[in-house]
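# Report on the structure
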Amino acid sequence: MVNIIAYANNSRAVIKRSVADTIIKLDSNRRLPKPTKDRNSNSTSAIKNAGSGKLIASDTSKKKSDMNTEIKDIADSSYNDVKTGISYRIGNARVTYGDFELDAEYIRIDRKKHLIFASGLRDKKTGRYIGRPISKQGKDEPITSDSLLFNYETKRGNTWNIYTQQDGNYISHGQAKKLNEEEVALANVIFSACDKPSRGEDPDYGIVITKGIGEPKRIISGPAYLMIEGIPLPIGVPFGFFPKTDTRSSGVIIPTFGEDATLGFFLRDFGYYIGINDYMDLTNLGTYYSNGSYEVSSSMNYMKRYKYNGNVALSYGSHNYALPGDPPARDFHINWQHSQNPNASPGSTFSASVNAGTSSFYRNNPASTGYNLQQLTQNALRSSISYSKTWPGSPFNLTTSLSHSQDLTQKTVSLELPNVNFSMASINPFDKKDRVDEQKWYQKITVAYTMTATNRINNLPESELFKKETLTKKMQNGIQHSIPVGLNFNLLKYFQFNVNTNYTERWYFQSINEHFARADSLVIDTIPGFKRVGNYNMSAGISTKVYGILNFKNSKIKAIRHVITPSVGFSYSPDYSGLDRPYNRLIVSNATVPYPVVYQRYSIYNGAVYGGPGGGKQAGISLSVDNNLEAKIRAKSTDSVQDDRKIQLLQSLSFNTFYNFAADSLNLSPIAVSGHTGLFHDKINVSFSANFDPYVTQVRDSISNGQMAKYIRQINRYTWQDGKIPMLTNFSLSIGGSLNPAAFHPSQNGDNNNNNSTAARINSLANATAQQRQSLALLNSDPSAYIDFNIPWNLTLNYNFSYSNAYISSQTANTIMLSGDVSLTAKWKVQFNTNYDLKVGQLSSATSFAIYRDLHCWDLSIQWLPFGYFKSYNVTLRVKSAVLQALKLSKRSDYTSNANFNQ
């Protein structure tokens, strides 16, 4: 009895029944029986057109014997030869013997020799080879082959041209021989991650094992060599030992070899993989360069189904980019991503996204990110670790977080350790829970509460981050309480009226004191101790909507509707900048001749985490007008659905300003104009904004240090009093969109299903198999390795124009960003990404091109940065399989080869 189990990737194989119909040479001793009469039985069988699989004649009864009590079988057609002791089963034949099961188109049972032979048959109509044997024993995975022969008493047998697949790996061709219950001999089998054997074709590549023994926990291989496109390559091993367990296996990671123009020859990414358990693994890698530089990293992946998953990566590098004898550049980086299943703990969530390290890490460790241009040119890192808790049936919510932001250009770090937010959603304190009638005006009053607390460090130099005094002297902390009270109701049916007041109180545990140590030397001291300060403001507003409709006759345009939304608001805030406030102080220097007297006003809360009350009394009116313009297009007579179509001509055009009655001059704020709309069914979005100065501004000359200089002076006089329009001080225009075939042929489900589709994808990810998660992890680690050939072309366009006028000088910026891809054929795709400065008239140095070729089981990628500081190219030929990612060929000229690299 044959019991062959093929192993790959540390787990049992899975067999696909959909095997291609190809013709394989069968057992030469097989002969289809001629129709004969069985004199010792009451049934006859005649076999005609056996290859067609059609039933011609079949036994109406079976002879009861010891053999039949041990072997159970069914078939479309059967024949028993009593003289030779051979039984034939043809057409959808099935034989069971104990826990052994066998399905095939043709099965021959030899009672005297205790042999069972099974194979497929050629269909005379189609010429295809159909009904390949599929054998299975106990809980073992089934095995598909072209033919098999085994002894059901000795448990030994042979299988020809086997095929099995498991976790994306395929074993095909060759011969397998069952030696005993636990050992299988393999000869000339091909191991590959190419899926062509599932269609009966030869794989594009594979490792040919000429001789081998398969055991439940391992495979011992004799000579093996690499074969590509049917051509054996002189790359092989005399023997091999492969662990084959159902759990993760630890092992050595083979490095890659190469040369860096600056660091010398290298061994890259050698290390050791540790399969800790079913929920966690650890990968340790190292890279060594001939000039003494090195890189080490350790990454851990963990997952508990239906609970959480994540990964942690620590990296450290020491590089000798400077002159010999100079200290090396040392860098580190930490990356932690953690996500929690929403159903794991209802009401509470925990997540982490940490991306922190030295500012020069990506520049000094380009190989760690595969020379990713986006990471090499980024100027900021951000991290956040957060926990949130909601109480069912209550309006309360708690969120705590640790955050980090890092400016890689300025080499500064800002930390919040921690940040706490406790809030109460708006409630109606005067409303009744069992109310059945309409709300009274006082029952519409809403009250909310928010408390935030933080412990913060702002813009700290990286070199001072781990010093002792950083945590003891440079931490700033505070607590802020906010209580908003509001009332909203309809006034005279068409107007929406609202009144709001807000009280804010801040608690600090430190304040500042300023004094002049000398005539012109200002000293700021930090004074510990509890301080509190509060402020309030009030506002009221009223708004409505005005509709205007213009109808058309005998036109494609049925009507145009204009919606105007005017609003008027009043706001009041007291003056908190007076010296009568205890937290505002005035200091005067003890100046003596020839030094002039210097004085300065300050608040003891200057620089505090939540600041202090704002200065200046405010009591004014805000004016705002928003416009919306849309058209209704008549349905065409040929349309199956006679529904009018709406087009947004102008989604928004707003004007707003503020007039402060409490100010002594320049009461009117600049007039702001903004708008946005969509073109071609929102495929292209257009947005713009502008500010206009309503006051007359004069430009005057002055002399400073013997040189002529210009300065501006604003006069309390409106420009229209002089017959002029307000001066445009700044303007910005942005046009962007993404075009592809999907944009012109949207999904029939509509946009409303996007959220559901996303939810479905999330749910499917939660139930993903181990192979799918492994592929996803590979994609996350190298997004450029995935190319979607299903989209023939895609173009992303962003145009930005900005203008600023400071009266003395003006500045403009005019740029176009283009990115996209196009499939030249079904297997070729070209990607591009560039910025063009229309003002300067040149392309950005970040211009890049990429060419991808789908070679079925292989991927060929070419990445090219043609000019600039990061000028480089990278050619990679790799296997698609996630298991055989080490099987690749790369040729790279990275940007460290540039002559100005050390500048």
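Residues numbered from 1 in each chain as written. Predicted model: local features only at pLDDT ≥ 70, side-chain atom pairs only at ≥ 80, totals over all residues. Heavy atoms only, no water.

## Focus on the overall build of the protein
A tally of helices and strands in the protein yields 7 helices and 54 strands. Taken over 903 residues, the protein has a buried fraction of 34%. Within the protein, residue pairs in contact and separated by at least 24 positions form 50% of the contacts whose partners lie at least 6 positions apart. (Helix = DSSP H or I, 4+ residues; strand = E, 2+ residues; numbered from the N terminus. Buried < 20%, exposed > 50% of the residue type's maximum accessible area, 1.4 Å probe, protein only. Contact = heavy atoms within 4.5 Å.)

## A word on unusual backbone geometry
With an omega dihedral of -5°, the bond running from Leu417 to Pro418 counts as a cis peptide bond. Relative to the assigned elements, Pro418 resides in strand β31 (residues 412-427). One non-glycine residue with positive phi stands out, namely Asn92, at about 50°. Tracing the chain through its elements places Asn92 in strand β5 (residues 86-97).

## What to know about the pattern of salt bridges
One pass over the structure, following the stated rule, counts 14 salt bridges. Among the salt bridges present, the one from Arg94 reaches Glu101, with a minimum N-O distance of 3.2 Å. Exposure remark for Arg94: the relative accessible area of 26% places this residue in the partly exposed category. Taking the shortest distance from any N to any O, the salt bridge between Asp722 and Arg717 comes out at 2.8 Å. The exposure class assigned to Asp722 is partly exposed, which follows from its relative accessible area of 38%. (Salt bridge = Lys/Arg side-chain N within 4 Å of Asp/Glu carboxyl O.)

## Side note on the state of the cysteines
Inspection of every chain in the model, using the stated rule, returns 1 disulfide. Through a disulfide, Cys194 is tied to Cys857; the S-S separation comes to 2.4 Å. Residues Cys194 and Cys857 are joined by a disulfide whose S-S torsion is about 65°; by sign, that bridge is right-handed. In this pair, Cys194 is assigned in the loop between β15 (184-192) and β16 (205-214) and Cys857 in the loop between β51 (848-855) and β52 (858-865), connecting sequence segments 663 residues apart. Under the relative-accessibility criterion, Cys194 is labelled buried at 0%. For Cys857, a relative accessible area of 6% translates into the label buried. (Disulfide = S-S within 2.5 Å.)

## Brief notes about the pairing of strand β46 (residues 727-739)
Relative to β46, strand β43 (residues 684-693) is paired through 10 bridges, and the arrangement is antiparallel. Within β46, the residue paired with Asn691 across the bridge is Asn730. Where β46 lies against strand β47 (residues 793-805), 10 bridges are found, and the strand directions are antiparallel. Each residue of the ladder has a partner; that of Leu739, found in β47, is Leu795. (Pairing = 2+ DSSP bridges.)

## Things to note about the pairing of β47
As paired elements, β47 and strand β48 (residues 810-823) share 13 bridges and run antiparallel to each other. Considered in β48, the bridge of Trp793 is made with Val822. Between the end of β47 and the start of β48, which pair antiparallel, lie 4 residues, with Tyr807 showing a positive phi angle near 70°.

## A word on a nonpolar patch on the surface
The grouping of Trp793, Leu795, Val822, Leu824, Trp828, Ile851 and Ile862 at the surface amounts to a nonpolar patch, some 540 Å² of accessible area in total. By the element assignment, Val822 lies in strand β48. (Patch = residues over 30% accessible without salt bridge, like charges linked within 9 Å, V, L, I, M, F, W, Y side chains within 5 Å. Areas by Shrake-Rupley, 256 points an atom, 1.4 Å probe, with all protein chains shown as cover.)

## Looking at the nonpolar core
By size, the foremost hydrophobic cluster in this structure holds 14 residues, and its most contacted members are Ile71, Leu102, Ile107, Ile116 and Phe150. Counting only elements with at least two residues in this core, the list comes to β5, β6 (100-110), β7 (115-119) and β12 (147-151). With 5 residues, β6 is the single largest residue contributor to this core. Core analysis: the second largest hydrophobic core is formed by 12 residues, Tyr508, Ile587, Tyr605 and Val609 among them. (Core = buried A, V, L, I, M, F, W, Y, C linked by side-chain atoms within 4.5 Å.)

## Quick word on the environment of Tyr170
Counting through the fold element by element, Tyr170 comes out in strand β14 (residues 169-178). A residue is classified by how much of its surface remains accessible, and Tyr170, at 6% relative accessible area, is buried. Tyr170 sits 22 residues away from Ser192 along the chain, and the two C-alpha atoms are 5.2 Å apart.

## What to know about the packing of aromatic side chains
The final tally for this structure, using the stated rule, is 19 aromatic pairs. Ring centres of Phe509 and Phe530 lie 6.0 Å apart, and the angle between their planes is 55°; on these two criteria the pair is classed as tilted. You can see Phe509 sitting in strand β34 (residues 495-516) and its partner Phe530 sitting in strand β35 (residues 522-543), a full 21 residues away along the chain. Assessed through its relative accessible area of 47%, Phe530 is described here as partly exposed. Relative to Tyr718, the ring of Tyr695 has its centre 5.0 Å away and its plane inclined at 25°; by these criteria the two rings are stacked. Here Tyr695 is found in strand β44 (residues 695-704), whereas its partner Tyr718 is found in strand β45 (residues 707-718), with 23 residues between them in sequence. Ring-pair connections join several aromatic residues into one group, and the members of that group are Trp507, Phe509 and Phe530. Lying across the ring of Phe266, Arg268 places its NZ or CZ 4.0 Å from the centre. (Phe/Tyr/Trp six-rings, centres within 6.5 Å; stacked < 30°, edge-to-face > 60°. Lys NZ or Arg CZ within 6 Å of the ring centre and 35° of its normal.)

## Focus: the side chain of Thr847
Looking at the element boundaries, Thr847 is found in the loop between β50 (842-843) and β51. Setting aside anything within four residues of it in sequence, one finds Thr847 in contact with Asn833, Thr834, Asn835, Trp864, Leu865, Pro866 and Phe867.

## Here we look at the confidence of the model for the protein
On average, residues of the protein score 80 in pLDDT, and 81% of them reach the 70 mark or higher. Note on residues 1-69: pLDDT is under 50 here. Beyond four places in sequence and across chains, it has 179 contacts. Every residue in residues 748-767 is under pLDDT 50, and counting partners more than four places away or in other chains gives 5 contacts. (pLDDT = per-residue confidence, 0-100.)

## Focus on the environment of Pro741
Looking at the secondary structure, you find Pro741 in helix α5 (residues 741-744). Judged by its relative accessible area of 23%, Pro741 is partly exposed. Between the C-alpha atoms of Pro741 and Trp793, which are 52 residues apart in sequence, the distance is 7.2 Å.

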